[in-house]
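So the chains spell out like this:
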Amino acid sequence: AKPDYFAELKFDGLAITIRYENGKLVQAATRGDGFIGEDVTQNVSIVPDVPLSLPAPFPKLMEVRGEIVMSKKTLLALNAKQAKEGKPLFANTRNAAAGGIRQLDPSTSRSRNLNFFAYDIAEISEDFGKKILRHSDRHRLLASLGFPMSDLEGKCATVEEVEKVIDYIEEKRPDLPFGTDGVVICIDNLDLQNELGVVGKAPRYSVAFKYPAEKATTKVTDITVQVGRTGVLTPLAHFEPTLVAGSTVSKSTLHNMDQIERLGIRV
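The rules behind these values
Residues numbered from 1 in each chain as written. Predicted model: local features only at pLDDT ≥ 70, side-chain atom pairs only at ≥ 80, totals over all residues. Heavy atoms only, no water. Patch = residues over 30% accessible without salt bridge, like charges linked within 9 Å, V, L, I, M, F, W, Y side chains within 5 Å. Areas by Shrake-Rupley, 256 points an atom, 1.4 Å probe, with all protein chains shown as cover. Salt bridge = Lys/Arg side-chain N within 4 Å of Asp/Glu carboxyl O. Helix = DSSP H or I, 4+ residues; strand = E, 2+ residues; numbered from the N terminus. Buried < 20%, exposed > 50% of the residue type's maximum accessible area, 1.4 Å probe, protein only. Pairing = 2+ DSSP bridges. Axes fitted to C-alpha atoms, helices over the stretch in contact; angles between N-to-C directions. Contact = heavy atoms within 4.5 Å. Disulfide = S-S within 2.5 Å. Polar contact = N/O pair within 3.5 Å; in protein donor to acceptor, adjacent residues only side chain to side chain. Expected span 1.5 Å × (residues − 1). Arc of directions from axis to C-beta.

Taken together, V225, V227 and L233 make up a surface patch of nonpolar side chains, about 320 Å² in accessible area. Counting through the fold element by element, L233 comes out in strand 12 (residues 233-244). Since its relative accessible area comes to 57%, L233 is described here as exposed.

Take a look at the structure:
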């Protein structure tokens, strides 16, 4: 059979997974390294868009994947406040949203005015799971349970239709209230998805189309090494502050060896 596809907006925020048992939110975690994430239950449960309990009938158990995002408007207001208080500004909505969820103080999370969009179901109990044969069925179920969903999505019968969705979203992108960096396309049929499987972290049934990033040229002034929470060492390039994609950046991680060699990056 010829596969059909499902195309949806790729949000630029913090990916999280939320677990519901008997219709109640019991846990939320960040994606972390794909195996272990941070427990952010308290901060996620105060995001107004995240349902704390689901309307009946609901599955006995369900794990929802989604994205915590901040609107462009909220970022402007937050940065104006940061500037007034003499605090550093946030480079983009993704950093501000991720920082808001990882705060130890939930009142900071609350003051960030964050939003949530659901886009997938990672696990679902048999009572409901039997009826879900397609990725689009998952989206329908999420919407019926009150999860905020993007309206820029849909089933596509052919690759040409997928391309039309990509072009349409690209046109709408500057005016969307939230940041988006692309479109996720997957095979709609879940049996086919299982057959195609996953290699490492990469599913064979789904692909992300990314819009070209805005480019800018600057001068590297220094390279330092930063120590991550788990002891991972990452080289960090410091450069002359540069305006790109609506925000001023002055440092960047140097974790992509191929790119470093290709650009011949040095002070």
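What follows covers the sheet that holds strand 5 (residues 115-124). If you trace the four strands from one edge of the open sheet to the other, you get 3-2-4-5, paired in antiparallel fashion. Of all strands in the sheet, those bounded by a partner on one side alone are strand 3 (24-30) and strand 5. Averaged over all pairs of adjacent strands, the angle between strand axes in this sheet comes to 30°, irrespective of strand direction. Relative to strand 4 (residues 61-69), strand 2 (residues 14-21) runs antiparallel, the two sharing eight bridges. Looking across to strand 4, one finds that I16 is bridged to G66. Taken strand by strand, helix 6 (residues 135-144) contacts strand 4 and strand 5, and its axis lies near 125° from that of strand 5.

Following the criterion strictly, the structure yields zero disulfides and no others. In this structure C156 is a free cysteine whose sulfur lies 9.9 Å from that of C186, the closest cysteine sulfur available. The class for C156 is buried, based on a relative accessible area of 2%. Here C186 falls in the buried class, since its relative accessible area comes to 5%.

Here T17 is to be found in strand 2. Side-chain polar atoms of T17 contact the side chain of E63, separated by 2.8 Å. Look past the residues within four positions of T17 in its chain and what remains in contact with it is Q27, A28, A29, E63, V64 and R65.

This part takes up the sheet that holds strand 1 (residues 5-11). One open sheet accounts for four strands, arranged 6-1-7-10; its pairing is antiparallel. The open sheet terminates on both sides in strands that have one partner only, identified here as strand 6 (153-156) and strand 10 (206-210). Direction aside, the axes of adjacent strands within the sheet are offset by 25° on average. Relative to strand 7 (residues 180-187), strand 1 runs antiparallel, the two sharing seven bridges. Bridged to A7 within strand 7 is I185. The sheet strands contacting helix 6 are strand 1, strand 6 and strand 7, and the helix crosses strand 1 at an angle near 55°.

Moving on to helix 2 (residues 72-84). Taking 1.5 Å per residue as the helical rise, helix 2 with its 13 residues ought to reach 18 Å, and the 19 Å between its terminal C-alpha atoms agrees with that figure. What helix 2 keeps buried is the set T74, L75, L78, N79 and Q82. For helix 2, the buried positions fall inside an angular range of 130° around the axis, keeping them on one side. Exposed residues lying more than 90 degrees from the buried face of helix 2 are K73, L76 and K84. The inward-facing, buried residues of helix 2 abut helix 3 (93-101). Just downstream of helix 2 lies G86, where phi reads positive at about 70°.

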